[in-house]
Each structure stands twice: as structure tokens, then as C-alpha cells.
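Here is what each chain is made of, one letter per residue.
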Amino acid sequence: MASITLKDLVKSYGDTEVLHHIDGAINDGEFVVIVGPSGCGKSTLLRMIAGLETVTSGDIQIGDRVVNNLEPANRDIAMVFQNYALYPHMSVRENMGYGLKIRGNSKADINRRVEEAAAILEIGPYLDRKPRQLSGGQRQRVAMGRAIVRDPQVFLFDEPLSNLDAKLRVQMRLEIRKLQQRLGVTSIYVTHDQVEAMTLGDRLMVLNGGYVEQFGTPIELYDRPATLFVAGFIGSPSMNFLPAEVASGMVTLANGARLAGGGTASGKVTLGLRPEHLIADETGPIEINVQLCEQLGAITLLHGHLSGTDVECVASMPGHVSAAPGTLMRFAIAPEHLHMFDTQSGKRVDA
Amino acid sequence: MLKRVHFPSSLLPYLLVAPQIAITLVFFIWPASQAVYQSFLIEDAFGLSTEFVWFENFELLFEDDIYLATFGRTIFFSAAVAILSMSMALILAGFADRVVRGATAYRTLLIWPYAVAPVLAGALWVFMFNPTLGIFPYILDFVGVDWNHYLNGNQAMALVVFASAWKQIAYNFLFYLAAMQSIPRSVIEAAAIDGAGPIRRFKDFIFPLVSPTTFFLLVINAVYAFFETFGIIHAVTQGGPANSTTILVYKVFNDGFVGLDLGGSAAQSVILMVLVIAMTVVQFRFVERRVQY
Amino acid sequence: MVENRPILNIVSHIVLILGIAIVALPIWITFVAATHDAVRMTQAPIPLLPGSHFWENFQQTLWGSGLSGTEIAPVWRMLLNSLAMAMMISLGKIAISLISAFAIVYFKFPFRMGFFWLIFITLMLPVEVRILPTFEVVADLGMLNSYWGLSVPLIASATATFMFRQVFLTIPDEMLESARIDGAGPMRFFWDIVIPLSRTNIAALFVILFIYGWNQYLWPLLITTDTDMTTIVMSIKQMLEAAEQSPQWNIIMMTALLAMIPPVFVVVAMQKLFVQGLTETDK
């Protein structure tokens, strides 16, 4: 087990800097998810920690060792790849034991460890099969098994569930989480799926364009997103963003509606409202011109415009609601659910 | 071109490419450059002195009616081999693509001439057309044809074309069959629903859709006829009668090893190399294009 | 099949059978000639149905003096020479192409592209066009009349290197990454992962190269003067020349048959690999 420290980490390809001065400390036994849209540099960051990409500048520390120049094999890590990277010509048993074999472990020891790991993952019956004879979920388990047998200090996961269908993904997500809790191994998990990130991580590192937008617990990210990007990325359906002006504890919307809140902020801001925080209230200040109802069973999503403007706005209501296009509905929102961001920098303007 | 990840540089990659590079240098690059160098030299009749003459050997070649005739003959020979062999293969592949039962058996029985060495192919055909014994001259006699390829240049040419085309049918057949089988079934079915009969479908769909393969095979067959038919000609006619079946490769060999005209033979080699390079470039351009589709 | 037209089906089969007849005719005639005695083979028209002298001819050709009145090695010796040459060429090509393709794909090192182009150039020059200077090099190296001289100059070919490069490029990058995390060094990765994953490609290439090696004609003709080094394919030409004086077509055709059997057997027995090898090497 080990902690991981990233210090002022930079990655460039030629003249193009793709990761900009990343800092972060991951505690021993913690499960950290690196999340962001494709091309944000999350996989590159993971591969740098694995030793598959060189470090341009800065330091990566695992435990108390700086590992910048260590070969992947000497970093005491294990990695689960997106396409599993199982060796197609080897049986499950050989796949899992290959790393140990290279390290020169005895046959008996390899067998014992492979069988232990297989028992944990319930893949014992498949040990002598080839990867192509397994289903997607079983391959996924073998890939995890290959990581477990090595008994490493760190697990690295590179979008390991993206090749599975939706139902299996939810199931495997739970299993990965349980397994990590049971083994207590420090883990870093890369995904572009914010739901996966929220459910798996002790903490989330949100990456965008090679910058860390925010690094915190899922609830922190949901309750107090530090930037417009995080606010829009975390939560489903996404947060509504409305142009607004704040002055002395009152927020004025584009159609002149006024709501209480805003604290000490002042001037033009981007106001963020989560759809699920809008409460139907006939006397509420926010009037939405509903264009479309999406009935999802447990909730209904109302898509429309802030009345009198063309600012799009979505509200989420419990149960079944129906409204004809053009219906005007009013909503209220609690002051603590208003998020304000500087329109230029996207940074949170604290109340 | 290169893997995203690779092993760090060390002495190892150099050791790994060393055997290939050594053989390439000793047996390819050095001889080829020797050929280029020799093509600029003329040796006197007794082999006592050599003179550096720049492009004189090439000028002599292009003024030499025999060489120019050989050039023309080679092109005729290649075209005849390619057309005969490819059209046979195309017809057979078209029918083989249709049959459901026995397709594999037909394929097995059609592909093995590929494995027969050119010189053996030549020996087989020369035996079948042996003027006194062969089965074909015997049959042709009944229709009034007097076959003797040892005396008749046109008959000799026909014989080497037959033997060369015969050996290449297997190769062309395999590529045509593979191309036809990769045409999506739905295209042909759609054509059938539109009312196109089998012959129309072949003409309007199958033939145009295998045209990339046709072009590819044209280049391959040209290279084959230019360079790999040496054994056939050596066995069947030795270039005769009266040079009527001497093609470029055969002339390089004949002038170099038999006639001992080193400079002239080297100049011919250089011209052949340029031809090969040109054909290879065409072939690669084509392969690149095919990949993009 | 798109529609059911019984007549067209019958026509298809007839055309295919005709095609096979044309393709097979030379071989049939060869076989028939090899089953008759020498006297029968001097009378026109030659027979079209097999005779009863197959074993006799077979034994005389393979173990006996072969063609009487010629100074050539016994046929079994020539078959052995051909086998040695074909095996050395095919295995040699595979070995050096595998390792050079591995270096070019999996390492980044100075002059990598230079080496790549050097190999590429060789693709363009068949032995027939540089025959005289190559002969001189081999003569200078004292390699005439040796297995080394027969095989080594034909071993370097870009085709195999290119094919393996293509194959290696299709091996997912994650294999290498995973192997590196598992602690495998370059050669270990080569043996444990790359070679097993290229097995069928190696086999397919072997089929093509074996035929290529076995069927070599001009090159062995030039560099072997010693009758002990004659290959079976070369000997046919010498026999044809001899036939002009003393025609023993039964023995000549039996020799031709024996010369054909190994490569034809390889093609037919490993048809799938052969087709794969053929289509891959020309990509």
C-alpha cells in the first residue's frame, strides 16, 4: 500500500503541452477517479503514473520513491486496460501468472496466488480457457485478476468498463468498488463517465484541457463546483446556466425576475441552477415556457425557455407531469442552491 | 508506422537489423551498384583494358535494332500472358463464385500449378508440343497445322505464352475469387431484385467491383512475365528460333553469361532495374489507394 | 446464390470442370508418360492412359543412375539438395525478417528509417536483373557450389520484412504495455508474445517461401557446377537437352513429377495458409 504524490507534473509532445502543472496527493488506500471529456489528458496522466509515458517535468512519487525514471515493472503497480490486453494465446491461468513468472516466483507460489485471485473473482472454473472463449464480463474479471495476483501497491484502471454493455457495467462497477474496499489497495481509475466517477471514487479529479478543474469528494463537487466546467460536467441532467446580475443579496434574471440570494457577490455572473433543485411553486419567481416533456417514470424532465427570453432551461420534477407545449410554469429555488460563476473566467464566485 | 510505445533505444535493435542489412548490402546494394558502374564501361575484345564511356552503352542499346525488337517483344509477350491468364482466371472465378457445392474442391484443383516451377512448366508444355511425339502436334496435324516450334517463331512464341499463362492462372484465380467473395451479398441481391440477370450482374456489378483487383493483377502479371518466365523460355526455346522468343531478362543472361558483353549486359540490367522500380512504385501507389477505400 | 437456375448451375460446373481439365492436362500427360517404358514413349501418338511401368520408372529414377548417358547426380541426391536449399531460404528469410521487423516496429533508434528504406529498396530488385554482379560477389566470397551460396543471397527480401511489420502493427499496443508492466524485456516479449501471436502468419509465409525456394532455377544454374550440388528443378533442363540425343521421356517425366510433388503437396495440404500467405505478402 502506498500514497501517490504528483508534483508540478507536465507532459509535452514536442512543443505542445498537454498536461499543465498537475499537483495532487492521493492517500494510502484511497480510490481516486480521474474524470473528464475525451482528449483532456486523463489517460496520459494515468499512463505517466504507470510508466508508459515519460515525464516532461515534475515528479511522480509512489510511497516515498520518486518513480519518474523507473520501468513500469519496477513501480509495483498493476494496470487494467480498456480492452483488457489479455494475451490471446495464453490460458487465463497463464495470463494471470505471467508477471509472476517473469519475476521468477516458484510454480507452486504462482498457482496458489492465481487460484486465490480466481476464487475472489469467481473465475476458478475458467482458469484453463483461452480469453476468446470468455464473455466480456469474464474477460474483465481476468484482467482484474491479473492485477490482483501481483499484490501491487497501486491499481491503475484505464476506462475498464467502457467495452461492456450498460447493465454489466453497473454490476462490474459495484464489484470493482467492493473489491477495492476489501483489498484496500490505492487505486486510480480513469473514466469519461461522470456517473461511474461519482459512484466509484472516494475523490474525483476533474481534468479539462490538461488542467485540474477540481479535486474533491463527489459531494463537494456536486454541492460546490469550483468552475463552470465542473458544474456542467457533474450531475445529470446538466446544470442550467442563466445570465444574471447580482446586487446586494438579490439576483436579477434576463427577463427581469428577481430571486433572493447571491450573498456578497455583485455584478454580471453566470447563474447555475440544477434542474432537480427547481421546485414547482405557483408563486415562484422563475417562469419557464415549457416546450417538451420527457417522462422517465420516476421523474419528468421539462425542457423549455425562461419565459420572455430564449435562454434554455430544464426542470426535473418527481412523478408524472404533463404539460402542453407553450404552458407557463413557475418554480422556486432555495438560496443555498444558487451557484454563481464569473462569466469570463468560469471560476466560482463565492456567496 | 511505429508503435505509440516502444522499447528504449539500445544496441539491441542494431543487432536485430544487422543480418538483414548485411545481406542486403553484400548481395543487393553492392551488386546493383556494380551493375550501374559496369554499364558505364566498355571492355575491349580481349578483355585487356576497359574504358569509361558514360552513357555509350545505353546509346548503343537504343540504336540496336535487336535490342529494340526485344523490348517490343517483351511487351507483347507480357500483354499476351496477362490477358490470356487473367481472362481465363476471371471466367473460372466468376463461375466458382456461383457454385455452392464443391467450391473448395474446385479451388484445390485449380491452384496447384502455382507450385510448379517455371522451368518444369516449360518442360511439360514442350513435351506436349514435341513436334514428333507431342499430343498437340498430333491433333493439329488433322486440321492441317504443321507444328514445329523449333523452326516457326510464331509457334514458339505461342508456346511460351501458353506455358507462362498456364502457370499464372492459379494466382489470378485466387485473387479474383477473393475479390468476388468480398463483394457484399446484398449488392448482388439488390441487383437481382432490380431484375438484372446473371450475365448482366457480372457485367454491370461484379466486373466493375473487382476492377481494383484487375489493375493490381495487371501489374503483378507484368512483373511475372518480365522477370519470372526465364525458366520457361530457357526450357522451351532458349530464346529461339532466331531470337523470336528472346525477352529482356533472357537477353541480359545471354549477353552476360554466354556473349560475355559485360558492359552491354550491365546496361540492360540497369534498364531492367529502372523498370522494376517503376512497376513496384505503381504497385505500391495502388496498394496505398486500395487501403484508403 | 441469388436465384435458382438449374441450367446455369450445370453450366457453371461444366465450365469449372473444363477449366480444371485444361489446368490439369499437362500434369496428367506427365503422369502418364512416367508410367510407360522408354520404348513406348518414342512412338507417336503418345499414350493418354497410364501404363504399368510406374514403380519401375520410379525406382530407376530415384535410386538408379537416372537418365543413362548423362553425368548428373542421382535424383534422390538432387531432391535432398532442393530440400536443403528450400528450407534454408524459407527459414532464413523468416528468421532475419522477423527480427528486423521487430526492431523497426518496436524500437525507436537513430537511422531506423534509413534501415527501413535500405530494406525497401531490395524489394525492387529481383535476382534476375542483378544476376551477373551478384554472381561475381558470390564467386569472390568462395560460395560457389555450396548450400550457403545457393541460399544466402536469396535470403534478404523486403517482402517478408514488410509482411511481419504489417502483422506486428496489428498487435494491440496494450500487449506491449501490459507486458512491460509484467516486467518483460524486449527479447522476452518477442518470444512470449510476438512470436506466438504471429504463428499463423509465419506458417503462411513458410508455405510461400518454401515454394519460392524449391522452384529457384536461374540462380542454382549459375552457381553450381559440381553435379553433387545440382537441384532437381535444374536437372530437368539438362535432361531436356539430353533428350535430344537419347529420348527417355519416361524418366524425364518421372523426374519432373518428383520435382513437382513436394511444392504441390505443400500447397494442397496447407491450402488455407497458402492462400493467406499469398494475399498477405502482396499487400
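Residues numbered from 1 in each chain as written. Chains lettered and ligands numbered in written order. Predicted model: local features only at pLDDT ≥ 70, side-chain atom pairs only at ≥ 80, totals over all residues. Heavy atoms only, no water.

1. Structural notes on the pattern of salt bridges
Line of reasoning, step 1. Scanning the entire structure with this criterion turns up 21 salt bridges over all chains.
Line of reasoning, step 2. Between Lys42(A) and Glu159(A) there is a salt bridge, and its shortest N-O distance comes to 3.7 Å. With Lys42(A) in helix H1 (residues 42-50) and Glu159(A) in the loop between strand E7 (154-158) and helix H5 (166-183), this pair connects stretches of sequence that are 117 residues apart. Here the two residues Lys42(A) and Glu159(A) agree in accessibility, since each one is buried.
Line of reasoning, step 3. One salt bridge in this structure joins Arg113(A) and Asp109(A), with 3.5 Å as the shortest N-O distance. A residue pair is termed a helical-turn pair when its members lie 3 or 4 positions apart in one helix, as Arg113(A) and Asp109(A) do in helix H3 (residues 107-121) at 4 residues. The same class applies to Arg113(A) as to Asp109(A), namely buried.
Line of reasoning, step 4. It is possible to trace a salt-bridge network through shared partners that takes in Lys11(A), Arg47(A), Glu53(A) and Glu177(C). (Salt bridge = Lys/Arg side-chain N within 4 Å of Asp/Glu carboxyl O. Helix = DSSP H or I, 4+ residues; strand = E, 2+ residues; numbered from the N terminus. Buried < 20%, exposed > 50% of the residue type's maximum accessible area, 1.4 Å probe, protein only.)

2. Brief notes about the packing of aromatic side chains
Line of reasoning, step 1. Within this structure, the stated rule accounts for 49 aromatic pairs over all chains.
Line of reasoning, step 2. With a centroid separation of 5.4 Å and 80° between ring planes, the pair formed by Trp55(C) and Phe58(C) is classed as edge-to-face. Of this pair, Trp55(C) and Phe58(C) are both found in helix H2 (residues 54-62), 3 residues apart, which corresponds to roughly one turn of the helix.
Line of reasoning, step 3. Of the aromatic side chains, those joined through ring pairs into one cluster are Phe102(C), Tyr106(C), Phe107(C), Phe164(C), Phe168(C), Phe189(C), Phe190(C) and Trp191(C).
Line of reasoning, step 4. Between the NZ or CZ atom of Arg203(A) and the centre of the ring of Phe215(A), over which it lies, the distance is 4.2 Å. (Phe/Tyr/Trp six-rings, centres within 6.5 Å; stacked < 30°, edge-to-face > 60°. Lys NZ or Arg CZ within 6 Å of the ring centre and 35° of its normal.)

3. Description of empty space enclosed by the protein
Line of reasoning, step 1. In this structure the tally under the stated criterion is 3 cavities of 30 Å³ or more.
Line of reasoning, step 2. The wall of the second largest cavity is formed by Ala78(A), Met79(A), Phe81(A), Ala143(A), Arg146(A), Ala147(A), Arg150(A), Ser178(C), Ile181(C) and Asp182(C).
Line of reasoning, step 3. Listing elements by their share of the lining of the second largest cavity, those giving two or more residues are strand E6 (77-80) and helix H4 (136-149) of chain A together with helix H8 (173-181) of chain C.
Line of reasoning, step 4. At 3 residues, H4(A) tops the list of elements feeding residues into the lining of the second largest cavity.
Line of reasoning, step 5. Looking at the lining of the second largest cavity, its residues break down into 6 nonpolar, 1 polar and 3 charged. (1 Å grid on protein atoms, 1.4 Å probe; cavity = no way out; pocket = protein on both sides within 12 Å on 5 of 7 lines; lining within 4 Å. Points joined across faces, edges and corners; volume = space filled by probe spheres on them. Nonpolar A, V, L, I, M, F, W, Y, C, P; charged D, E, K, R; others polar.)

4. Digging into the pairing of strand E18 (residues 312-318) of chain A
Two faces belong to every sheet, and in a regular strand the side chains alternate between them.
Residue and element names in this part refer to chain A.
Line of reasoning, step 1. Within E18, 5 of the 7 residues are buried, which leaves it mostly tucked inside the rest of the structure.
Line of reasoning, step 2. Summarising the sheet, strand E17 (residues 299-306) and E18 pair through 7 bridges and their orientation is antiparallel. Bridging across to E18, Leu302 finds its partner in Ala315.
Line of reasoning, step 3. In this antiparallel pair of consecutive strands, E17 and E18, the connection spans 5 residues, and Gly308 shows a positive phi of 80°. (Pairing = 2+ DSSP bridges.)

5. What to know about the packing of helix H2 (residues 92-103) of chain A against H3(A)
Residue and element names in this part refer to chain A.
Line of reasoning, step 1. At a minimum axis separation of 10 Å, H2 and H3 run at an interaxial angle of 130°. Looking at the two axes, H2 sits oblique to H3. Here the hand of the crossing between H2 and H3 comes out right-handed. Only Ile110, Asn111, Arg113, Val114, Glu115, Ala117 and Ala118 of H3 make contact with H2, whose side of the interface consists of Arg93, Met96, Gly97, Leu100 and Lys101.
Line of reasoning, step 2. Looking at the contact of H2 with H3, its residues break down into 6 nonpolar, 2 polar and 4 charged. (Axes fitted to C-alpha atoms, helices over the stretch in contact; angles between N-to-C directions. Parallel < 35°, antiparallel > 145°, perpendicular 65-115°, else oblique. Left-handed = near helix turned anticlockwise from the far one by under 90°. Contact = heavy atoms within 4.5 Å.)

6. Details of the packing of helix H1 (residues 12-38) of chain B against helix H3 (residues 75-106) of chain C
Line of reasoning, step 1. Between H1(B) and H3(C), the shortest axis-to-axis distance is 8 Å and the interhelical angle comes to 130°. What the angle tells us is that H1(B) and H3(C) run oblique. In the packing of H1(B) onto H3(C), the handedness of the crossing is left-handed. Packed against H1(B), whose contacting residues are Pro13(B), Leu16(B), Val17(B), Pro19(B), Gln20(B) and Ile23(B), the element H3(C) presents Ile96(C), Ser97(C), Ile99(C), Ser100(C), Phe102(C), Ala103(C) and Ile104(C) at the interface.
Line of reasoning, step 2. Residues belonging to the contact of H1(B) with H3(C) are distributed by class as follows: 10 nonpolar, 3 polar and no charged.

7. Some remarks on unusual backbone geometry
All names here are of chain A.
Line of reasoning, step 1. Cis peptide bonds are those with omega within 30 degrees of zero, and the linkage from Ser236 to Pro237 qualifies with -5°.
Line of reasoning, step 2. As for its placement among the helices and strands, Pro237 is situated in the loop between helix H8 (228-233) and strand E11 (240-247).
Line of reasoning, step 3. Phi at Asp151 is positive, roughly 55°, even though this residue is not glycine.
Line of reasoning, step 4. Secondary-structure assignment places Asp151 in the loop between H4 and E7.

8. Some words on the domain arrangement of chain A
All names here are of chain A.
Line of reasoning, step 1. Assigned domains within chain A: domain 1 (4-231) and domain 2 (238-341).
Line of reasoning, step 2. Computed over C-alpha atoms only, the centres of domain 1 and domain 2 are separated by 39 Å.
Line of reasoning, step 3. With 8 residues of domain 1 at the contact, the number on the domain 2 side is 8 residues.
Line of reasoning, step 4. Where domain 1 abuts domain 2, roughly 620 Å² becomes buried across the two surfaces, and 60% of that area is made up of carbon and sulfur atoms.
Line of reasoning, step 5. Together, Tyr222, Leu228 and Ala231 form the three largest contributors to the area buried by domain 1 at its contact with domain 2, with a combined 78%.
Line of reasoning, step 6. For the interface between domain 1 and domain 2, the tally reads 0 salt bridges.
Line of reasoning, step 7. Summed over the shared surface of domain 1 and domain 2, the result is 2 residue pairs in polar contact (both at pLDDT 80 or more).
Line of reasoning, step 8. Residue assignment for the side of domain 1 that touches domain 2 shows that the elements contributing at least two residues are helix H7 (218-223) and H8.
Line of reasoning, step 9. Of all the elements, H7 adds the most residues to the side of domain 1 that touches domain 2, at 3 residues. (Domains from an automatic or database assignment. Buried area = accessible area lost by both parts, 1.4 Å probe. Polar contact = N/O pair within 3.5 Å; in protein donor to acceptor, adjacent residues only side chain to side chain.)

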